[in-house]
Amino acid sequence: MQRRTFLKTALGAAAFARSQAQTEPLWGGPVLDTHLHLRRDADSCFTHIQGCGVTNAVLLTPAADEDRARVEMEKRPGHFVRSVATDPSKPDAGDILRTAIRAGAVSIGEMKYHVALDSAEMRRVYDIAAETQVPVMMHIQNFPHFPGELPYNTGYDHFDKVLSAYPKTKFIGHGDLFWANISADVPTDRGYPSGPVKPGGLTDRWLSDFPNLYADMSANSGNNALSRDLDFSREFVIRHQDKLIFGSDCSCLDGHGAGVSQNNNPEAKRLEGKCVARATLELSKQISSPAVFRKIAWENGNRVFRLQW
Ligand SMILES: [Zn+2]
Ligand SMILES: [Zn+2]
């Protein structure tokens, strides 16, 4: 049997095509996923990045799971770094964050708790982020994904006060309401508005006005906002080419869309069966020049998180 035929039989045609494709970088160069939640099983983060052509990732790690993140990182050297997150209303939250950053965490996130953006609890987090020079990434959402879900990081309409009060803190916005505000009209009855963007949205303005605000493109929220009006998105990406940071928030199993890609979020059905990383990288390619795509997929994240591989 010829080698080619043998391989085809052994691996199956689809797997063969996939193994061939992986000999070249899928996205024309390295890709950093800054929003990959640490998973239960060892090596499953690696399986995901391999499947979708991502080369490196920030593992979003709750403080209690730090040891597990370390195991994942050591198993595949040169691919992962980790963040730290803890409930900011815990009295020892400050110590927890500082200790983890001293031990190697490169960012604070994902901060997804039921507090206000300008609360004393979050202000303490912003001070620590400034002092340790790591970015802080917040999930900003007020419309529930399921009955009874409480809002996270409230008070976005006056977040500009926080941005100007903490010039040394690098803020990374993420989540439904952050991205709904790409448009000047934000409906209150849904998390993911569709249709044309009305210019002048808070997020668009603040990305221009504040050098310390960045945008995490992950999840359905980022993908939906940048898909809804491609003409607007092409300009938006040019305006904020140094501020947009690729992340997936994907929970699919294999980097090809198997399993559930958007956990516990029926509203995000449009990405069902898809790998969010792939979908958002495709979209980014479609709306940006090759040079800007490199910034989004690799350069901006590495600069803001101060990474060296
Ligand atoms: Zn989130
Ligand atoms: Zn995926």
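For the structure, see preceding data.
Keep in mind it's a predicted model, so treat the numbers as computed, not measured.

Conventions and cut-offs
- Residues numbered from 1 in each chain as written.
- Chains lettered and ligands numbered in written order.
- Predicted model: local features only at pLDDT ≥ 70, side-chain atom pairs only at ≥ 80, totals over all residues.
- Heavy atoms only, no water.
- Pairing = 2+ DSSP bridges.
- Helix = DSSP H or I, 4+ residues; strand = E, 2+ residues; numbered from the N terminus.
- Right-handed = clockwise from strand over helix to strand, strands pointing away.
- Donors = N, O, S within 2.8 Å, 3.2 Å for Na, K, Ca; no water.
- Buried < 20%, exposed > 50% of the residue type's maximum accessible area, 1.4 Å probe, protein only.
- Polar contact = N/O pair within 3.5 Å; in protein donor to acceptor, adjacent residues only side chain to side chain.
- Contact = heavy atoms within 4.5 Å.

**Here's the deal with the pairing of strand 4 (residues 108–111)**
Summarising the sheet, strand 4 and strand 5 (residues 136–139) pair through 2 bridges and their orientation is parallel. The residue of strand 5 that forms the bridge with M111 is M138. Tracing the backbone out of strand 4, into helix 6 (residues 120–132) and back to the parallel element strand 5 gives a crossover that is right-handed.

**Thoughts on the coordination of the zinc ion (ligand 1)**
All of the protein donors around the zinc ion (ligand 1) are E110 (OE), H139 (ND1) and H174 (NE2); their distances to the metal are 1.9 to 2.2 Å. Read in sequence order, the donor residues for the zinc ion (ligand 1) give the motif E-x28-H-x34-H. Residue E110 is located in strand 4, and its partner H174 is located in strand 6 (residues 171–174); the two are separated by 64 residues in the primary sequence. Summarising the burial analysis for this pair, E110 and H174 share the class buried.

**Topic: the side chain of T86**
In this fold, T86 is placed in the loop between strand 3 (80–82) and helix 5 (93–102). Looking at T86, its side chain comes within polar contact range of the side chain of K90, at 3.5 Å. Not counting residues within four places of it along the chain, the set of residues in contact with T86 comprises A63, A93, I96, L97, M111 and Y113.

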